[in-house]
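Each chain, written out:
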Amino acid sequence: MPTASHARPHRRIIARPPPLLKNSAGILRRAQRARHLMLILDFDGTLTPLRRQPEQVRLSSSSRKLLHRLAQRARLSLFILSGRPLLDLERRVRARGVRCLGLHGWEGLPGGRVDRASRDALSQFLAAVEEQILPIPGLRLENKQVAFAIHYRGASPVAVRHARRRLLCLLHPYQKLLRLMEGKKIWEVLPRALAGKGAAVRKLRTSFPRGSLVIYMGDDTTDEEAFSALPGAVTVRVGKACSTHARWQARNPAEVLRFLSLLEAELE
Ligand SMILES: [Mg+2]
C-alpha cells in the first residue's frame, strides 16, 4: 500500500473524479488493512451544508456523535482543518477526541510566527478596505484578528467584480507580507506566515505512524493544496463536479457522512 511519506507529489488534475460512494468498497478495504488511519476533514461545506451567514452553520448532533465514535478508535486519528479561527471551530465541533486546527492549520500546529511588520501591514490594509471596499453593498467583514475575510455571498456580480479589482489594487503594495486567498464567496487576506492547508498537512504528515492511510475531504479551492500535498491518500472533493487534485468526488456533506458511517461499520 502506498504511504504518504514514500510517494511522489501528486500534481495531476482530474476533470471529473469518480464518485466516492460508488467506489467505496475498495477504499474501505484499504482502510480495513491499514495499520493506522488519519482522517482529515474540512468543516464548512464538507461536514455541514453552507449557509448564507457563516454563523448559522451548525454541526448536526448525529454527525457530532459519529465523529466522536470514530475518534474513539485507537487505530484512527481525526482532525478537522478549517479556515475558521480555532475557538469558533471548537465551539461548533464539540466532539471529544477530535482535534481541531484553525486558520487553515496555523492554529493548533507548531511553527509560523507572524512578525510585527506583517501585523502592521494587515491593520493598515484592513483600514483601507474598511474605508474603500466594505461600503459596497452585500459585503461583510469577518475579522479573525491575525487575518480577515470578506464574504460576498450577498453582493451582485457587478459589485463583486468591482470590489475584487479594488481589493487587488489596494493589496499590491503589501504583497511581500500579505496574500489573498479566494474561496467560496470569500476573499481572505492573510500574513504569508499563515501558509494554508497544504503546508498544514505536510506538517501533520510528519507525525503520522508508518503505514498510515490518509483520508482527506474538503469542498473548496483552499483544500486543493492539501489534495496535491497528499500523494497516495484517499482525497475527496466535496460539491459539484469540477477539476480537482482530488481522486474522488462526494456530491454533498450527506454523502461525506454516509461514507464516514460506512467507514465506522468497516472498522467494527
Ligand atoms: Mg469548506
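Keep in mind it's a predicted model, so treat the numbers as computed, not measured.

Calculation rules
- Residues numbered from 1 in each chain as written.
- Predicted model: local features only at pLDDT ≥ 70, side-chain atom pairs only at ≥ 80, totals over all residues.
- Heavy atoms only, no water.
- Helix = DSSP H or I, 4+ residues; strand = E, 2+ residues; numbered from the N terminus.
- Polar contact = N/O pair within 3.5 Å; in protein donor to acceptor, adjacent residues only side chain to side chain.
- Contact = heavy atoms within 4.5 Å.
- Pairing = 2+ DSSP bridges.
- Axes fitted to C-alpha atoms, helices over the stretch in contact; angles between N-to-C directions.
- Expected span 1.5 Å × (residues − 1).
- Buried < 20%, exposed > 50% of the residue type's maximum accessible area, 1.4 Å probe, protein only.
- Arc of directions from axis to C-beta.
- Donors = N, O, S within 2.8 Å, 3.2 Å for Na, K, Ca; no water.

Student: Just to check I follow, could you spell out the side chain of D44 for this structure?
Tutor: By the element assignment, D44 lies in the loop between β1 (36-41) and α2 (61-71). A distance of 2.7 Å separates polar atoms of two side chains, one belonging to D44 and the other to R84. If near-sequence neighbours (up to four positions away) are discounted, D44 is found in contact with L50, V57, S82, R84 and D219.

Student: Explanation requested: the sheet that holds strand β4 (residues 140-143) in the structure shown.
Tutor: Sheet strands pair via backbone hydrogen bonds, and the direction of the pair is either parallel or antiparallel. Sheet architecture is open: 4 strands sit in the order β4-β5-β7-β6, paired in antiparallel fashion. Strands with a single pairing partner mark the edges of an open sheet, and in this sheet they are β4 and β6 (178-183). The average undirected angle you get between the axes of adjacent strands in this sheet is 20 degrees. With 4 bridges connecting them, β4 and strand β5 (residues 148-151) associate as antiparallel partners. Residue N143 lies in a different strand from β5, and its bridge partner there is F148. Packing against the sheet, helix α4 (residues 116-132) makes contact with β4, β5, β6 and β7 (186-191), and its axis sits at approximately 25 degrees to β5.

Student: Could you clarify how one ought to interpret helix α5 (residues 157-171) in this entry?
Tutor: Since one α-helical turn is 3.6 residues long, residues separated by three or four positions face the same way. With 15 residues, α5 ought to run about 21 Å at 1.5 Å a step, and its terminal C-alpha atoms sit 21 Å apart, in line with that. Of the positions making up α5, those classed as buried are A159, V160, A163, L167, L170 and L171. The buried residues of α5 all sit within an arc of 100 degrees when viewed along its axis, so they share a single face. Along α5, exposed side chains directed more than 90 degrees from the buried face belong to P157, V158, R161 and R165.

Student: Can you help me understand the coordination of the magnesium ion in this one?
Tutor: Note on metal sites: the ideal angle is 109.5 degrees for four tetrahedral donors, and 90 or 180 degrees for six octahedral donors. Of the protein atoms, only D42 (OD), D44 (O) and D219 (OD) coordinate the magnesium ion, at distances of 2.1 to 2.2 Å. If you list the donors of the magnesium ion from N- to C-terminus, the spacing comes out as D-x1-D-x174-D. Of this pair, D42 sits in the loop between β1 and α2 while D219 sits in the loop between β8 (212-218) and α7 (221-229), placing them 177 residues apart in sequence. With a relative accessible area of 5%, D42 lands in the buried category. A relative accessible area of 3% places D219 in the buried class.

Shape is all these values report; function is a separate question.
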